[in-house]
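The lines below spell out each chain.
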Amino acid sequence: MKQIKNIRLAALIRFSIAITALNILGFAYLGFEQSYAHPIISLLTAYILELFFEYLESRIQKRKARFLGSLKQWVYFLLPAHITALAVAMLLYTNEQYFIQIFATAFAILSKYIFRIRLNGRVRHFFNPSNMGIAITLILFPWVGISQPYMFTENFHGIGDWMFPLFLVILGTLLNAKYTRKLPLILSWLCVFVLQAGIRALFFDSSFVSALLPITGLAFLLFTFYMVSDPGTTPTSFIGQIVFGASVALIYGLLMISHIVFGLFFSLLIVCFIRGLAIYMQPYFKKNLGSVLKPYKLIFKHE
């Protein structure tokens, strides 16, 4: 268990550094079109709410708040909130509507305390926080959109158009291979994404090339290597990861057939909901399914 915690912390530190560097580079050179205020507002909202909810929960449970002890403890505690805030600020485009930026970040943090399940004796959140904040905001505020894909590579030319995305792919692959150990999930997601594009082309009069076009966008790369593989809200077993990644891609295909936009975020939201519901109902299945429970446990295993 201690080894798992150390790996998780190492992953959080590196993902925090990576997303911070990407945001700085984005505003300094890449062409981010949000104002500087967007990430600052998101970070402040996330920090304040994370500290407040943890303090409140620690008082209710009569225990020491996890951020107390040292400055290092404080920083480590805020790493998940830091990643969530910057992901929301980077991927969501709210124009000058700062209230919506605050809402998206606040809902992302709040979801960690509302939507919880008991797994292996521990209480955990089961929705990817940043994806939850973005998806709910897109549903409630239809005039809000996702950041324009071109702003991630707007100022690159020539070989730079290829080298920067390639760098993110290599970095994402290394981080996920060494720290999150979610490469099976990522490969499953990518393979079934191509498969659903083929099925749409064969049976639903869609262009195969057009169905694959999202892969060429940097937002897709960020979703693939830095969001769908979230170690806190995805299965740990090999089979579970395969099923999870494939499910996200299949749901995405169904959303596209139904002409529902922002399918990446909604498909992950739906799969996280189904997984959370399945884990919540585990006692019922344990009582009634008997011998067929084993594959079920493998799919939803989480250490």
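Please refer to the structure placed before this passage.
Residues numbered from 1 in each chain as written. Predicted model: local features only at pLDDT ≥ 70, side-chain atom pairs only at ≥ 80, totals over all residues. Heavy atoms only, no water.

Q: I'm lost on the pattern of salt bridges in this one. Help?
A: It is possible for side chains of opposite charge to pair when their charged atoms get near one another. Under the criterion given, the structure shown has 5 salt bridges. Glutamate 57 serves as the salt-bridge partner of arginine 116, at 2.5 Å between the closest nitrogen and oxygen. Here the residue arginine 116 occupies a position in strand 2 (residues 116–119), and glutamate 57 occupies one in helix 2 (residues 37–60), the gap between them amounting to 59 residues. On the accessibility criterion, glutamate 57 (14% relative accessible area) is buried. (Salt bridge = Lys/Arg side-chain N within 4 Å of Asp/Glu carboxyl O. Helix = DSSP H or I, 4+ residues; strand = E, 2+ residues; numbered from the N terminus. Buried < 20%, exposed > 50% of the residue type's maximum accessible area, 1.4 Å probe, protein only.)

Q: What am I meant to see in the pairing of strand 3 (residues 122–125) here?
A: Every regular strand shows the same layout, with side chains that alternate between the two sheet faces. Of the pairings in the sheet, the one linking strand 2 to strand 3 comprises 4 bridges and is antiparallel in character. Considered in strand 3, the bridge of leucine 119 is made with arginine 122. If you look at the hairpin formed by strand 2 and strand 3, you'll find 2 residues sitting between the two strands, and asparagine 120 has a positive phi there, around 55°. (Pairing = 2+ DSSP bridges.)

Q: Help me out: how do you make sense of the layout of surface pockets in this one?
A: Rolled over the atoms, a probe as big as a water molecule pinpoints where empty space is left. For the second largest pocket, the calculated volume is near 320 Å³. Counting residues per element, the lining of the second largest pocket draws most heavily on helix 11 (residues 263–280), at 3 residues. Classifying every residue of the lining of the second largest pocket by side-chain character gives 13 nonpolar, 3 polar and no charged. (1 Å grid on protein atoms, 1.4 Å probe; cavity = no way out; pocket = protein on both sides within 12 Å on 5 of 7 lines; lining within 4 Å. Points joined across faces, edges and corners; volume = space filled by probe spheres on them. Nonpolar A, V, L, I, M, F, W, Y, C, P; charged D, E, K, R; others polar.)

Q: Would you explain unusual backbone geometry in this entry?
A: Both trends apply: most residues other than glycine have a negative phi, and most peptide bonds are in trans. Here the phi dihedral of arginine 181 falls at roughly 60°; this positive angle occurs in a residue that is not glycine. Looking at where arginine 181 falls in the secondary structure, it is placed in the loop between helix 6 (160–180) and helix 7 (183–203).

Q: Where do I start with the environment of leucine 255 in this structure?
A: If you trace the backbone, leucine 255 turns up in helix 10 (residues 238–257). According to the relative accessible area criterion, leucine 255 is buried, its value standing at 10%. For the pair leucine 255 and alanine 85, spaced 170 residues apart in sequence, the C-alpha to C-alpha distance is 27 Å. When neighbours within four sequence positions are excluded, leucine 255 is seen to be in contact with Ile260, Gly263, Phe266, Ser267 and Ile270. (Contact = heavy atoms within 4.5 Å.)

Q: Honestly, helix 3 (residues 71–91) in this entry has me stumped. Any pointers?
A: Residues spaced three or four apart along an α-helix face the same direction, because each turn holds 3.6 residues. For helix 3, spanning 21 residues, the distance from its first C-alpha to its last is 30 Å, which sits close to the expected 30 Å at 1.5 Å a residue. A bend of about 40° at leucine 79 is the largest found in helix 3, and the proline proline 80 appears one to four places after it. Among the 21 residues of helix 3, 15 are classified as buried, and the element is accordingly described as predominantly covered. (Expected span 1.5 Å × (residues − 1). Bend = angle between axes of the 7 residues up to and from the residue.)

Q: Sorry if this is basic, but what is going on with the packing of helix 2 against helix 3 here?
A: When two helices pack together, their arrangement is given by the angle between the helix axes and by the axis-to-axis distance. Helix 3 packs onto helix 2 with a crossing angle of 140° between their chain directions and a minimal axis gap of 8 Å. Viewed along their axes, helix 2 and helix 3 adopt a mutual orientation that is oblique. Relative to helix 3, helix 2 is oriented so that their crossing is right-handed. Note on element contacts: helix 3 touches helix 2 through Trp74, Phe77, Leu78, Ala81, His82, Ala85, Leu86 and Ala89, opposite His38, Pro39, Ser42, Leu43, Ala46, Tyr47, Glu50, Leu51 and Glu54. When grouped by side-chain class, the residues that make up the contact of helix 2 with helix 3 number 12 nonpolar, 3 polar and 2 charged. (Axes fitted to C-alpha atoms, helices over the stretch in contact; angles between N-to-C directions. Parallel < 35°, antiparallel > 145°, perpendicular 65-115°, else oblique. Left-handed = near helix turned anticlockwise from the far one by under 90°.)

Q: It is not clear to me how the packing of helix 4 (residues 98–114) against helix 5 (residues 129–140) should be interpreted in this structure. Could you clarify?
A: Between helix 4 and helix 5, the shortest axis-to-axis distance is 8 Å and the interhelical angle comes to 130°. One finds that helix 4 runs oblique with respect to helix 5. In the crossing of helix 4 with helix 5, the sense of the turn from one axis to the other is right-handed. Facing helix 4, whose interface residues are Ile100, Phe103, Ala104, Phe107, Ala108, Ser111 and Lys112, helix 5 presents Pro129, Ser130, Met132, Gly133, Ile136, Thr137 and Leu140. Split into classes, the residues belonging to the contact of helix 4 with helix 5 amount to 9 nonpolar, 4 polar and 1 charged.

Q: Looking at this structure, I do not really get a nonpolar patch on the surface. What am I missing?
A: A contiguous nonpolar surface patch, about 700 Å² in accessible area, is contributed by Ile270, Phe273, Ile274, Leu277, Tyr280, Met281 and Tyr284. In terms of residue count, the dominant contributor to the nonpolar patch is helix 11 (5 residues). When you line up the elements, phenylalanine 273 lands in helix 11. Phenylalanine 273 sits in the partly exposed class, given a relative accessible area of 45%. (Patch = residues over 30% accessible without salt bridge, like charges linked within 9 Å, V, L, I, M, F, W, Y side chains within 5 Å. Areas by Shrake-Rupley, 256 points an atom, 1.4 Å probe, with all protein chains shown as cover.)

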